[in-house]
Amino acid sequence: EVKFLALSVVSNCSGAQDTQDRLFLAEKVAYDGAIPAVLQVLRPSALSFLHSPDSVTAKAASILWNLGVQDQNRASVLTMGGIEAMCAVLQQPVSVDVLNKMCGALMVLSANNAETKAKIGKCGAVDVLTTLADSSRDSQIIKSATGALAILCSNHDNLEIMRRNGIQKALERVRLINDPQIDRFALQIQSHLDAPLPAAKKGPGKRQRGGVV
């Protein structure tokens, strides 16, 4: 209960509505050492001793979602092993609230960060996100999962994971919801799926007819 109250205070501080306020508070909260404490809550050893793990985990994910607006915070979460911890939670049987907020946090933390995108794919979260988009009955989870996939799909390996997990069928399904934001996410993913594969670099080869093949 003490941990939950402490997380609530940090979450309220980091989730200001005004963009400039959010940036300032996100930097201030991170400077005061909140990120290691929040990530510790997500560790399996911590979750097993909490009375209400889902409520605490959801609060921690919400904090990371808010702190992710700041570049330095995104880098800190990555170097502190936060991505692995978040992906591990995503693969557990958790509540709708946890899934929604964890998807949102991963989306924000991976924005403009190629290393984080690659790490999320290697940790197995792209598989989970694709499955959520394809099978969840909760429209908010579908939106959050599709939004995260729209960011992660710029990584070629992640895109291939999505293909193997049936992303095309998932996109057909999510478009039926008729939500403008989901449609934008789906269009972004589809554009990467339809893009031609990058040409393989050609090394030195035999000369034929004055050229190299």
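Preceding this section is the structure that the text describes.
Summary of the structure given here. Since this is a predicted model, take the numbers as computed values, not measurements. Each chain has its residues counted from 1, running along the sequence as written. In view of the model being predicted, local features appear only for residues whose pLDDT reaches at least 70, and side-chain atom pairs are presented and counted only at 80 or more, with totals across whole chains, interfaces and linings using the full set of residues. The basis for every side-chain value is the complete set of non-hydrogen atoms in the structure, without hydrogens or water.

Here the focus is the packing of helix H10 (residues 125-135) against helix H12 (residues 156-164). Orientation is described by axes fitted as lines to C-alpha atoms, over the contacting stretch for helices, and by angles from 0 to 180 degrees between their N-to-C directions. Secondary structure is summarised from DSSP: a helix means a run of H or I of at least four residues, a strand means a run of E of at least two, and numbering begins at the N terminus for each. The N-to-C vectors of H10 and H12 enclose an angle of 45°; their axes lie 9 Å apart at closest approach. By the criterion of interaxial angle, the relationship of H10 to H12 is oblique. Classified by chirality, the crossing of H12 by H10 is right-handed. Between H10, through Val126, Asp127 and Thr130, and H12, the contact on the second element is made entirely by Asn158, Ile161 and Met162. Here the contact of H10 with H12 is built from residues that sort into three nonpolar, two polar and one charged. In what follows, roughly perpendicular refers to angles from 65 to 115 degrees, roughly parallel to angles under 35, roughly antiparallel to angles over 145, and oblique to any angle outside these ranges. Crossing handedness is read from the near helix: turned anticlockwise from the far helix by less than a right angle, it gives a left-handed crossing, and turned clockwise, a right-handed one. When checking whether two residues touch, look at their non-hydrogen atoms; a contact exists if any pair is within 4.5 Å. In this classification, Asp, Glu, Lys and Arg are treated as charged, Ala, Val, Leu, Ile, Met, Phe, Trp, Tyr, Cys and Pro as nonpolar, and every other residue, Gly included, as polar.

A word on helix H13 (residues 167-175). With a 1.4 Å probe rolled over the protein chains alone, any residue whose accessible area is under 20% of its type maximum counts as buried; one over 50% counts as exposed, and the rest are partly exposed. Every buried residue belonging to H13 is among Ile167, Ala170, Leu171 and Val174, and all of these are buried. Projected onto a plane normal to the axis of H13, the buried residues spread over an arc of 100° and lie on a single side. Next to the buried residues of H13 lie H10, helix H11 (139-152), H12 and helix H14 (180-194). In this description, one arc is meant: the one made by directions from the helix axis to the C-beta atoms.

Turning to the nonpolar core, a few remarks are in order. Within soluble globular proteins, side chains that are nonpolar tend to cluster in buried spots. The set of buried Ala, Val, Leu, Ile, Met, Phe, Trp, Tyr and Cys residues whose side-chain atoms join them within 4.5 Å is what this entry labels a nonpolar core. Ranked by size, the top nonpolar core spans 55 residues in total, and within it Leu42, Met86 and Leu90 carry the most contacts. Here this core takes eight residues from helix H8 (residues 96-110), the largest share from any one element. Setting aside chain neighbours within four positions, we find Leu90 in contact with Leu99, Met102, Cys103, Leu106, Ala125, Val128 and Leu129.

A positive phi angle is found at Asn112, which is not glycine, with a value near 60°. Counting through the fold element by element, Asn112 comes out in the loop between H8 and helix H9 (114-122). One non-glycine residue with positive phi stands out, namely Asn178, at about 60°. In this fold, Asn178 is placed in the loop between H13 and H14.

So, about the side chain of Asn113. Examined against the element boundaries, Asn113 turns out to sit in the loop between H8 and H9. A relative accessible area of 15% places Asn113 in the buried class. At a separation of 2.9 Å, a polar atom in the side chain of Asn113 contacts the main-chain amide nitrogen of Thr116. Dropping the residues within four chain positions of it, Asn113 is found in contact with Arg74 and Leu78. Side-chain atoms alone can form a polar contact between residues adjacent in sequence; in general such a contact is a pair of N or O atoms within 3.5 Å, and within protein one must be able to donate a hydrogen while the other accepts it.

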